[in-house]
Amino acid sequence: MSPFFISIDASWSVAPAAVRDAGFPSMSTAGDFSDAEFDNGRRLFAGEWSFLTAANSIGSLPRPDGLEVAFAGRSNVGKSSLINALTGRRALARISKTPGRTQELIFFAGPNRLVLVDLPGYGYAAAAKSKVKAWTRLIHDYLHCRSALARVYLLVDARHGLKTVDQAILDTLGQAAVSHEIVLTKCDQVSEAELAERGETVKAAMRTRPAAFPDLIATSARTGAGIPALRAAIARLVRERS
Ligand code: GDP
């Protein structure tokens, strides 16, 4: 059972010592991963990960091969840090930050033909309207046309919760009927009470969306908390789809 996996139906409860020791406040402990699944996740992400390609248009997407899991979220939500923490490779996250690359879909290839896709961050206030339109179009087209896409993890800053700009991508995910799940980031930055409140608010918002996966995973790239649960969730998906 994962201490960092928040079930939509769970009531909040006091976390075990391991959660507190990892720098988290106490929270729900309703995760449902077995030890074997945690181990599968650990092994999957301990494997070889490398930059595959970057695409700035639908025409330049790589040929689908295997399963894709994409990460979306506002600029600065902690997406690069999370991908870095998942794969344990700093160089991967740096690629996403390379100037010119921030507006592209970045593909990382891993074991078992699993591909992680870093979608361009949105909601950057200083971005020109024409650019915003182009990114929005690209993300929209990718989400609608990609048969290899198994799930999108929508990253939400635990300090701020869902923002108006997140609603647009949630609408697109719903329309495209793409399985998606919220991952709270930077959970080391909020108190126990804040995390509980944020979790409840996000859960309530997600209940109205049928394509949304009915759980949240709370993470901190800084402390590593919740990362094993996210790895286990992805490993489970790989097993289910292969
Ligand atoms: P991106 O723009 O979504 O790729 O976000 P980054 O991964 O670059 O992170 C944005 C900022 O948030 C950076 O200053 C990171 O150091 C910080 N950050 C990312 N993850 C965490 C986290 O789990 N905890 C804390 N405290 N800061 C984080």
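Looking only at helices and strands, one finds eight helices and eight strands in the protein. Looking at the 242 residues of the protein, the share that counts as buried comes to 52%. A fraction of 77% describes how many contacts in the protein between residues 6 or more apart in sequence connect residues 24 or more apart. Looking at the protein as shown, the accessible area adds up to about 11000 Å², and 51% of this sits on carbon and sulfur atoms.

Looking now at the nonpolar core. Counting 35 residues, the largest nonpolar core has Leu-119, Tyr-142, Leu-143, Ile-182 and Leu-184 as its most contacted members. Contact partners of Leu-184, with chain neighbours within four places excluded, come to Val-156, Ala-158, Leu-195, Leu-216, Ile-217, Ala-218 and Thr-219. Core analysis: the second largest hydrophobic core is formed by 32 residues, Leu-44, Ala-54, Leu-92 and Ala-229 among them.

Turning our attention to the site of the ligand. Close to the ligand lie 14 residues; Ser-80, Ser-81, Lys-97, Asp-188 and Ala-221 are nearest. Contacts to the ligand include Lys-186, whose side-chain N or O atom sits 2.9 Å from an oxygen atom.

With their axes 9 Å apart at the nearest point, helix α5 (residues 129-145) and helix α6 (residues 164-175) run at an angle of 25° to one another. In terms of orientation, α5 lies roughly parallel with respect to α6. The element α5 and its partner α6 pack so that their crossing is right-handed. The residues of α6 that touch α5, namely those facing Ile-139, His-140, Leu-143 and His-144, are Ile-169, Thr-172, Leu-173 and Gln-175. Looking at the contact of α5 with α6 residue by residue, the class counts come to four nonpolar, four polar and no charged.

On to helix α3 (residues 79-87). Counted residue by residue, α3 has seven buried out of nine residues, so it is predominantly covered. Taken together, the buried positions of α3 are Lys-79, Ser-80, Leu-82, Ile-83, Asn-84, Leu-86 and Thr-87. Just downstream of α3 lies Gly-88, where phi reads positive at about 65°.

By the secondary structure assignment, Ser-75 is in the loop between β3 (67-73) and α3. Each C-alpha atom of the pair Ser-75 and Gly-121 lies 4.3 Å from the other, and the pair is 46 residues apart in sequence. Filtering out sequence-adjacent residues up to four positions away, Ser-75 remains in contact with Gly-121, Tyr-122 and Tyr-124.

The next subject is the side chain of Ser-179. Within the secondary structure layout, Ser-179 lies in the loop between α6 and β7 (180-185). A distance of 3.0 Å separates the side chain of Ser-179 from the side chain of Arg-151, its partner in a polar contact. Dropping the residues within four chain positions of it, Ser-179 is found in contact with Ala-150, Arg-151, Val-152, Ala-211 and Phe-213.

Before going further, it helps to examine the packing of α3 against helix α8 (residues 227-241). Where α3 contacts α8, the axes come no closer than 10 Å and their chain directions differ by 75°. By the criterion of interaxial angle, the relationship of α3 to α8 is roughly perpendicular. Between α3, through Leu-82, Ala-85 and Leu-86, and α8, the contact on the second element is made entirely by Ile-227, Leu-230, Arg-231 and Ile-234. Here the residues of the contact of α3 with α8 are counted per class, giving six nonpolar, no polar and one charged.

This structure, assessed with the given rule, holds five aromatic pairs. Residues Phe-45 and Trp-49 carry aromatic rings whose centres are separated by 5.2 Å and whose planes lie at 10° to one another, so their mutual orientation is stacked. Like Trp-49, Phe-45 is buried. A centroid spacing of 6.4 Å and a plane angle of 80° characterise the contact between Phe-107 and Tyr-142, whose relative ring orientation is edge-to-face. Taken together, the residues span a long stretch of sequence, with Phe-107 in strand β4 (residues 105-109) and Tyr-142 in helix α5 at a distance of 35 residues. Each member of the pair, Phe-107 as well as Tyr-142, is classed as buried.

What follows deals with the confidence of the model for the protein. Residues with a pLDDT of 70 or more make up 86% of the protein, whose mean pLDDT is 84. Contacts from residues 7-30, a stretch scored under 50 in pLDDT, to residues over four places away or in other chains number 68 contacts.

Reading the values: rules and limits
Residues numbered from 1 in each chain as written. Predicted model: local features only at pLDDT ≥ 70, side-chain atom pairs only at ≥ 80, totals over all residues. Heavy atoms only, no water. Helix = DSSP H or I, 4+ residues; strand = E, 2+ residues; numbered from the N terminus. Buried < 20%, exposed > 50% of the residue type's maximum accessible area, 1.4 Å probe, protein only. Contact = heavy atoms within 4.5 Å. Areas by Shrake-Rupley, 256 points an atom, 1.4 Å probe, with all protein chains shown as cover. Core = buried A, V, L, I, M, F, W, Y, C linked by side-chain atoms within 4.5 Å. Near = heavy atom within 4 Å. Polar contact = N/O pair within 3.5 Å; in protein donor to acceptor, adjacent residues only side chain to side chain. Axes fitted to C-alpha atoms, helices over the stretch in contact; angles between N-to-C directions. Parallel < 35°, antiparallel > 145°, perpendicular 65-115°, else oblique. Left-handed = near helix turned anticlockwise from the far one by under 90°. Nonpolar A, V, L, I, M, F, W, Y, C, P; charged D, E, K, R; others polar. Phe/Tyr/Trp six-rings, centres within 6.5 Å; stacked < 30°, edge-to-face > 60°. pLDDT = per-residue confidence, 0-100.

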